[in-house]
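The primary structure of each chain is shown beneath.
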Amino acid sequence: EMNERARKYINALGNVDEREYAFRRQWYLHSILFPFLVHELSCYQHANGVQGAVGEIGVHYGGFFLGIATAALKSEKLFAVDIFDNQELNVDGSGKGNLDIFKANCIELGIPFEDVGIIKNTSTSVNDLELLNKTHGSIRMLSIDGGHTREATCHDMNLGDALLHDGGIIIVDDVGCCRTKTDTWSLGVIDGVHTFFGLDRDLQPFFFAPPKMFFARSAFAAKFRTFLREKFNDFLGFEEATLEFGTAMHASRYTIFDGEVLQLGKIPNESQILANWNKSSNFEAFRILKKELSSNEIQ
């Protein structure tokens, strides 16, 4: 079964069948699909000896950060970068964090706030040595959801790339979510991602579900694709993905930056995701790992 902190996290999101979004929207969490996959991928990383710091640039109230943090080992450092109440630094209006609410949400899920390495500043003012002071080593999983300008996105990807574990994952939010005349946030993000890949990089995307794209080192990107495809193809229908109007996608739609990108062919409802999470065999791996690593007990 899922670990206790993960269960508290899910319970805090409200009734998934009735889609009670009040708490979730204040956290800016799009779907429990993402924390579910974060936990699954974290289990796979741990089983393959990948350990390191986990955290987020642009935590808002902590919605996705807490999904990542509840999948961490106690030995893995937690970090969060956000301007929080210094909104005069929010040049593009992307999010409106609040340190007090973020702290309260951490405490609610049993995460000691003093265990979270906080950098209260714009991410573009942070260099890899300053971030290393919070991570104390390589990064296993990083979510990027800070400033949505080209400069901020490219900087944040460079920052993550500099400290990323060989088996680590970078998740970039708001990639390709422009669906209305006013929803233009992702334009700067897309531009920033493309700018980052203007140089040769040992990173590839391996999974995309709007609005998040998952990246990893080339060798591990292939492993993550295989893992997701073998375990979740029936559930998420990777082989059934189509264009919005129902026709099959051209092969080029599955590739970007030299990576094959798995995409959803099925969109399960929230209760189906929760049921799959509850029965996930990977949480058996969590219990086994907890016994084997007495000094690195699961959070």
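Since this is a predicted model, take the numbers as computed values, not measurements.

Chemist: Would you take a moment to explain unusual backbone geometry for this structure?
Modeler: Trans is the common state for peptide bonds, and a negative phi is the common state for residues other than glycine. For the bond running from P210 to P211, omega is 10 degrees, close enough to zero to count as cis. With respect to the helices and strands, the residue P211 is situated in the loop between β6 (204-209) and β7 (212-216). Its identity is not glycine, yet F257 carries a phi of approximately 50 degrees, on the positive side.

Chemist: When you look at the packing of aromatic side chains in this model, what are you seeing that I'm missing?
Modeler: How two aromatic rings sit relative to each other is set out by the distance from centre to centre and by the angle between their planes. Enumeration over the complete set of coordinates arrives at 17 aromatic pairs. Between F196 and F197, the aromatic rings sit 5.1 Å apart at their centres with planes inclined by 90 degrees, giving edge-to-face as the arrangement. With a relative accessible area of 0%, F196 lands in the buried category. Plain terms: the ring middles of F206 and F224 are 5.1 Å apart, the flat faces sit at 35 degrees to each other, and that makes the pair tilted. Note that F206 is positioned in strand β6 and F224 in helix α9 (residues 218-236), a separation of 18 residues in sequence. Put simply, the rings of F36, Y44, F206, F207, F214, F220, F224, F227, F232, F235, F238 and W277 touch in pairs and so form one group of aromatic residues. Above the plane of the ring of F196 lies R201, whose end atom (NZ or CZ) is 3.8 Å from the centre. The positively charged end of K212 is found above the aromatic ring belonging to F64, 4.1 Å away from the centroid.

Chemist: How should I be thinking about the nonpolar core in this particular structure?
Modeler: The nonpolar side chains of a soluble globular protein tend to be buried with one another. If you look at the biggest cluster of nonpolar residues, it comprises 52 residues, and the most contacted ones within it are L41, F65, F102, F206, F207 and L228. For this core, the leading source of residues is α9, giving eight residues. Formed by 28 residues, the second largest nonpolar core is a distinct cluster that contains L131, I144, V172 and F197.

Calculation criteria
Residues numbered from 1 in each chain as written. Predicted model: local features only at pLDDT ≥ 70, side-chain atom pairs only at ≥ 80, totals over all residues. Heavy atoms only, no water. Helix = DSSP H or I, 4+ residues; strand = E, 2+ residues; numbered from the N terminus. Phe/Tyr/Trp six-rings, centres within 6.5 Å; stacked < 30°, edge-to-face > 60°. Buried < 20%, exposed > 50% of the residue type's maximum accessible area, 1.4 Å probe, protein only. Lys NZ or Arg CZ within 6 Å of the ring centre and 35° of its normal. Core = buried A, V, L, I, M, F, W, Y, C linked by side-chain atoms within 4.5 Å.

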